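# Structural features, examined
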Number of protein chains: 2
Amino acid sequence: MDTKEKMEFLSKYDDFWSHLSDEEKIFVCQNTDIMSYHPGQNIHSADARCVGVLFVKSGCLRVYIMSEEGKEVTLYRVLPGEVCILSASCVLTEITFDAYVDAEELSEVVVLNAFAFSKMIKNNIYIENFSNKMKAIRFSDVMWTMQQILFFSFDRRLAIFLYEELIKNGPIIRYSHMEIAKYLGSAREVVSRMLKYFENEGIVKVSRKEIEIIDKKKLMERL
Amino acid sequence: MDTKEKMEFLSKYDDFWSHLSDEEKIFVCQNTDIMSYHPGQNIHSADARCVGVLFVKSGCLRVYIMSEEGKEVTLYRVLPGEVCILSASCVLTEITFDAYVDAEELSEVVVLNAFAFSKMIKNNIYIENFSNKMKAIRFSDVMWTMQQILFFSFDRRLAIFLYEELIKNGPIIRYSHMEIAKYLGSAREVVSRMLKYFENEGIVKVSRKEIEIIDKKKLMERL
């Protein structure tokens with residue numbers, strides 16, 4: 001990706017790009033790289049080096065927390081056109097928790113390194129505000145997830161997950177029970193049991209490799 | 001509270017106050033009121049009117065979410081010298097969840113009304129940044145709470161609660177089991193059972209009106 005391409009891509013992030021001077025725009029391009037991550041690859045973690053701000057070009061990133069015992073809870077996903085800010089947590093004084101970021105699909109990401117971003121935050125109030133605004137938006141995402149986990153019964157959460165997949169990708173779902181469990185912050189057994197229950201109710205058909213939604217109306221009654 | 005007193009009080013909030021023009025400072029004073037809330041009084045909720053930004057002068061505010069069935073989970077507390085921003089959620093586009101704010105003790109609060117705050121955010125990038133920065137800080141608070149709830153076993157969470165009370169207010173704790181349960185996002189029965197267990201372990205002495213921490217060392221072993 002040359003400078004012109006970087007500029008063209010980053011200019012789509014209006015909140016970020018439109019408040020930069022010409023000098024700062026060049027500084028940004030000098031400090032960004034286009035990276036490609038394969039499905040499941042870890043991009044950012046508490047112990048490893050702090051990558052920086054991730055502008056997602058294609059694919060999908062998963063942001064999650066992990067307990068000492070390795071239990072994962074997905075906080076939200078970052079989609080093309082969106083920004084991942086927690087991957088620059090080392091330079092964000094307001095962020096005091098450790099989040100992990102993985103590529104969930106093959107993902108192309110434009111990475112602005114943490115050092116450069118930190119320098120820009122200090123010198124440009126609009127960039128500081130951009131950084132804080134991105135956190136505020138993710139705060140709302142996390143609150144949504146938290147309410148799902150704390151308040152919704154699990155059948156409803158699984159139904160919401162299946163329904164969202166149905167809308168996005170159609171009635172055939174190829175996630176493993178383990179992957180669904182991770183995404184919902186639950187255990188594989190719980191997912192398998194609830195899917196079996198949904199199957200008995202005529203909502204889905206479960207085979208070893210996939211889950212097929214066979215009754216959208218019944219599924220929607222569980223939302 | 002007259003204008004001079006308001007100015008003196010608000011000037012302590014440097015992130016907020018130092019970036020205001022003289023005109024804006026007067027505008028702020030015209031749009032603030034000093035309010036007094038009694039223990040347990042609801043200050044902000046999803047359905048009621050949107051109060052605005054709360055600058056806490058004395059006392060303690062509790063910010064929490066509530067399920068449709070009335071289950072509460074405390075997100076964090078706002079102490080003297082701190083700011084409550086979620087009480088202005090109606091004018092904050094990034095905040096899409098409903099939080100509640102109650103006074104936990106008799107609390108004196110300087111309230112900047114939501115309409116005025118919204119106008120200031122639009123006209124002053126430093127105030128927009130102040131608003132987003134406050135959210136980012138609370139994001140971290142909430143993540144801490146979430147990790148406690150999702151990852152820590154309940155005995156550890158209760159021990160942390162008792163230990164924090166010990167440090168703040170000494171060994172006699174006068175919260176009811178119900179209040180502790182609400183604070184920890186649990187049920188009264190669970191708290192009572194765990195307190196009984198702690199009592200059997202010689203950590204606390206539980207009577208009808210209070211909990212006394214009798215062995216600090218044993219308590220600390222559970223943190």
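Everything below is about the structure printed above this text.
Everything numeric here is computed off the predicted structure, so don't read it as measured data.

Next up on the list: the side chain of B:S140. Assignment of secondary structure puts B:S140 in helix α5 (residues 125–151). Setting aside anything within four residues of it in sequence, one finds B:S140 in contact with A:E94, A:I95, A:T96 and A:F97.

Glancing now at the interface of chain A and chain B. Counting residues at the interface gives 35 residues for chain A and 35 residues for chain B. Regarding the contact of chain A and chain B, the summed buried area is about 3200 Å², with carbon and sulfur atoms giving 73% of it. Interface area lost by chain A to chain B is led by A:F139, A:M146 and A:F151, which between them contribute 22%. Linking chain A to chain B there are 7 residue pairs in polar contact (both at pLDDT 80 or more). Contributions of two or more residues to the side of chain A that touches chain B are made by β4 (61–66), β5 (72–78) and α5 (125–151) of chain A. Looking at which element gives the most residues to the side of chain A that touches chain B, the answer is α5(A), with 20 residues. Residues that form the side of chain A that touches chain B fall into these classes: 18 nonpolar, 7 polar and 10 charged.

The subject of this paragraph is the packing of helix α6 (residues 154–169) of chain B against helix α8 (residues 188–200) of chain B. Residues and elements named next belong to chain B. Where α6 meets α8, the closest approach of the two axes is 11 Å, and the angle between their N-to-C directions is 80°. Considered as vectors, α6 and α8 are oriented roughly perpendicular to each other. Two secondary-structure elements touch here, α6 through F154, D155, L158, A159 and L162 and α8 through V190, V191, M194, L195 and F198. Counted by class, the contact of α6 with α8 contains 9 nonpolar, no polar and 1 charged residues.

The description of two aromatic rings rests on the distance between their centres and on the angle between their planes. Applying the stated criterion to the full structure yields 19 aromatic pairs over all chains. For the ring pair A:F139 and B:F139, a centre distance of 5.5 Å and an interplane angle of 20° mean the geometry is stacked. Placement of the pair is A:F139 in helix α5 and B:F139 in helix α5, with the two residues belonging to separate chains. Directly above the aromatic system of A:Y64 lies the positively charged group of A:R62, at a separation of 4.1 Å from the ring centroid.

Turning our eyes to something else, we now look at helix α7 (residues 177–184) of chain A. Residues and elements named next belong to chain A. Along α7, the residues classified as buried are I180, A181 and L184. Along the axis of α7, the buried positions cluster into a sector of 100°, meaning they face one direction only. Each element contacted by the buried residues of α7 is listed here: α5, α6 (154–169), α8 (188–200) and β11 (211–213). In the stretch just after α7, G185 is the one whose phi turns positive, near 65°.

Residue and element names in this part refer to chain A. For the largest pocket, the calculated volume is near 1100 Å³. Taken together, 43 residues form the lining of the largest pocket, with Y76, R77, L79, K168 and Y183 sitting closest to its centre. Elements with a contribution of two residues or more to the lining of the largest pocket: α2 (14–17), β5, α5, α6, β9 (172–173) and α7. Residues that form the lining of the largest pocket fall into these classes: 21 nonpolar, 9 polar and 13 charged. Roughly 780 Å³ of volume is contained in the second largest pocket.

On to the state of the cysteines. Using the criterion set out here, one finds 2 disulfides over all chains in the structure. The disulfide that involves A:C50 links it to A:C90, with 2.0 Å between the sulfurs. With the S-S dihedral at roughly -90°, the linkage between A:C50 and A:C90 falls on the left-handed side. Residue A:C50 is located in the loop between β2 (42–44) and β3 (52–58), and its partner A:C90 is located in the loop between β6 (83–84) and β7 (100–103); the two are separated by 40 residues in the primary sequence. A disulfide-free cysteine, B:C60 has its sulfur positioned 11 Å from the sulfur of B:C84, the nearest such atom. When its relative accessible area of 1% is taken as the criterion, B:C84 is described as buried.

Moving on, we get to the relation of the copies chain A and chain B. At an RMSD of 0.0 Å, chain A and chain B line up after a rotation of 180° and a shift of 0.0 Å along the axis. The relationship between the two copies is best expressed as a two-fold rotation axis. Take the interface residues of chain A: 100% of them recur as interface residues in chain B, which is what a same-surface contact looks like.

Take the nonpolar core next. A:F16, A:F117, B:F16 and B:F117 are the most contacted members of the largest nonpolar core, which totals 103 residues. Apart from the residues lying within four places of it in its own chain, the contact partners of A:F16 are A:V28, A:F55, A:L112, A:F117, A:M120, A:I127 and A:F130.

Once that is clear, we can look at the environment of A:P39. Residues and elements named next belong to chain A. Counting through the fold element by element, P39 comes out in the loop between β1 (32–37) and β2. Put simply, P39 and E104 are 65 residues apart on the chain and 4.8 Å apart in space, counted from C-alpha to C-alpha. The contact partners of P39, leaving out residues within four places of it in the chain, are A103, E104, E105 and L106.

Further remarks concern the sheet that holds strand β11 (residues 211–213) of chain B. All names here are of chain B. Taken in spatial order, the 3 strands make up an open sheet running β9-β11-β10, and their pairing is antiparallel. The two strands at the open ends of the sheet, each matched to only one other strand, are β9 (172–173) and β10 (204–206). Direction of pairing for β9 relative to β11: antiparallel, over a ladder of 2 bridges. Its bridge partner being in β11, I172 is matched across the sheet by E212.

So, on to the pattern of salt bridges. A complete count under the given rule lists 22 salt bridges over all chains for this structure. Where A:R222 meets A:D155, a salt bridge forms, and the shortest distance between an N and an O atom there is 3.5 Å. Of the two residues, A:R222 sits in the segment after α9 (216–221) while A:D155 sits in helix α6, which places them 67 residues apart along the sequence. The salt bridge partner of B:K168 is B:E165, with a shortest N-O separation of 3.7 Å. With a gap of 3 residues between them, B:K168 and B:E165 both fall in helix α6, about one helical turn apart. Through salt bridges with shared partners, a single ionic network connects A:E82, A:R138 and A:D141.

What counts, and at which threshold
Residues numbered from 1 in each chain as written. Chains lettered and ligands numbered in written order. Predicted model: local features only at pLDDT ≥ 70, side-chain atom pairs only at ≥ 80, totals over all residues. Heavy atoms only, no water. Helix = DSSP H or I, 4+ residues; strand = E, 2+ residues; numbered from the N terminus. Contact = heavy atoms within 4.5 Å. Buried area = accessible area lost by both parts, 1.4 Å probe. Polar contact = N/O pair within 3.5 Å; in protein donor to acceptor, adjacent residues only side chain to side chain. Nonpolar A, V, L, I, M, F, W, Y, C, P; charged D, E, K, R; others polar. Axes fitted to C-alpha atoms, helices over the stretch in contact; angles between N-to-C directions. Parallel < 35°, antiparallel > 145°, perpendicular 65-115°, else oblique. Phe/Tyr/Trp six-rings, centres within 6.5 Å; stacked < 30°, edge-to-face > 60°. Lys NZ or Arg CZ within 6 Å of the ring centre and 35° of its normal. Buried < 20%, exposed > 50% of the residue type's maximum accessible area, 1.4 Å probe, protein only. Arc of directions from axis to C-beta. 1 Å grid on protein atoms, 1.4 Å probe; cavity = no way out; pocket = protein on both sides within 12 Å on 5 of 7 lines; lining within 4 Å. Points joined across faces, edges and corners; volume = space filled by probe spheres on them. Disulfide = S-S within 2.5 Å. Least-squares fit on C-alpha atoms with pLDDT ≥ 70 in both. Core = buried A, V, L, I, M, F, W, Y, C linked by side-chain atoms within 4.5 Å. Pairing = 2+ DSSP bridges. Salt bridge = Lys/Arg side-chain N within 4 Å of Asp/Glu carboxyl O.

Take it as geometry only, folks, not as evidence of what the structure does.
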